[in-house]
Amino acid sequence: MTAQPEHHAAVPPMRTLAELRAALRVWGFPEDLATFERELSEADLDDLTRVREITQAYRHRVLMRVDPQAMAALGRSTEDVTDELRRKMNEAGAR
């Protein structure tokens, strides 16, 4: 299980694969590092577009973990989001 970091920390460096791996160890969701390694090992390393897609996806996951607003959004219930969308649609229709 991944350690639960405090959510007010600065964004960790992720300029290299080693830095991204270190960030995933601390900030990743459970199993992110293992899944990242599996996806990277299955990718054709000559396909730089695919390698970039994989690394960007996991960088984004780390960025979500260090952003308190993103984590709060992930924690919202489906009902809460549905209610907000309904309210916004009603407001837009009333204009």
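Residues numbered from 1 in each chain as written. Predicted model: local features only at pLDDT ≥ 70, side-chain atom pairs only at ≥ 80, totals over all residues. Heavy atoms only, no water.

Student: Explanation requested: the overall build of the protein chain in the structure shown.
Tutor: The number of helices and strands found in the protein chain is 5 helices and 0 strands. Written out in order from the N terminus, the α and β elements of the protein chain read α-α-α-α-α. Judged by the C-alpha coordinates and their principal axes, the protein chain covers about 55 × 30 × 20 Å. Taken across its 95 residues, the protein chain has 25% of its residues classed as buried. A fraction of 47% describes how many contacts in the protein chain between residues 6 or more apart in sequence connect residues 24 or more apart. Surface exposure of the protein chain reaches about 6,800 Å², of which carbon and sulfur atoms provide 54%. Here the protein chain holds 14 positive side-chain charges and 17 negative ones, and the gap between their average locations is 4 Å. (Helix = DSSP H or I, 4+ residues; strand = E, 2+ residues; numbered from the N terminus. Buried < 20%, exposed > 50% of the residue type's maximum accessible area, 1.4 Å probe, protein only. Contact = heavy atoms within 4.5 Å. Areas by Shrake-Rupley, 256 points an atom, 1.4 Å probe, with all protein chains shown as cover. Lys, Arg positive; Asp, Glu negative; His and termini not counted. Charge placed at Lys NZ, Arg CZ, Asp CG, Glu CD.)

Student: How do you make sense of the packing of helix H2 (residues 32-42) against helix H3 (residues 48-66) when you look at a structure like this?
Tutor: Describing two packed helices takes the angle between their axes plus the distance from one axis to the other. Taken N-terminus to C-terminus, the directions of H2 and H3 make an angle of 175°; their axes are 10 Å apart at the nearest point. If you check the angle between H2 and H3, you find them roughly antiparallel. Each of Asp32, Thr35, Phe36, Glu39 and Leu40 in H2 lies in contact with H3, whose residues at this interface are Arg50, Val51, Ile54, Thr55, Tyr58 and Arg61. Looking at the contact of H2 with H3 residue by residue, the class counts come to 5 nonpolar, 2 polar and 4 charged. (Axes fitted to C-alpha atoms, helices over the stretch in contact; angles between N-to-C directions. Parallel < 35°, antiparallel > 145°, perpendicular 65-115°, else oblique. Nonpolar A, V, L, I, M, F, W, Y, C, P; charged D, E, K, R; others polar.)

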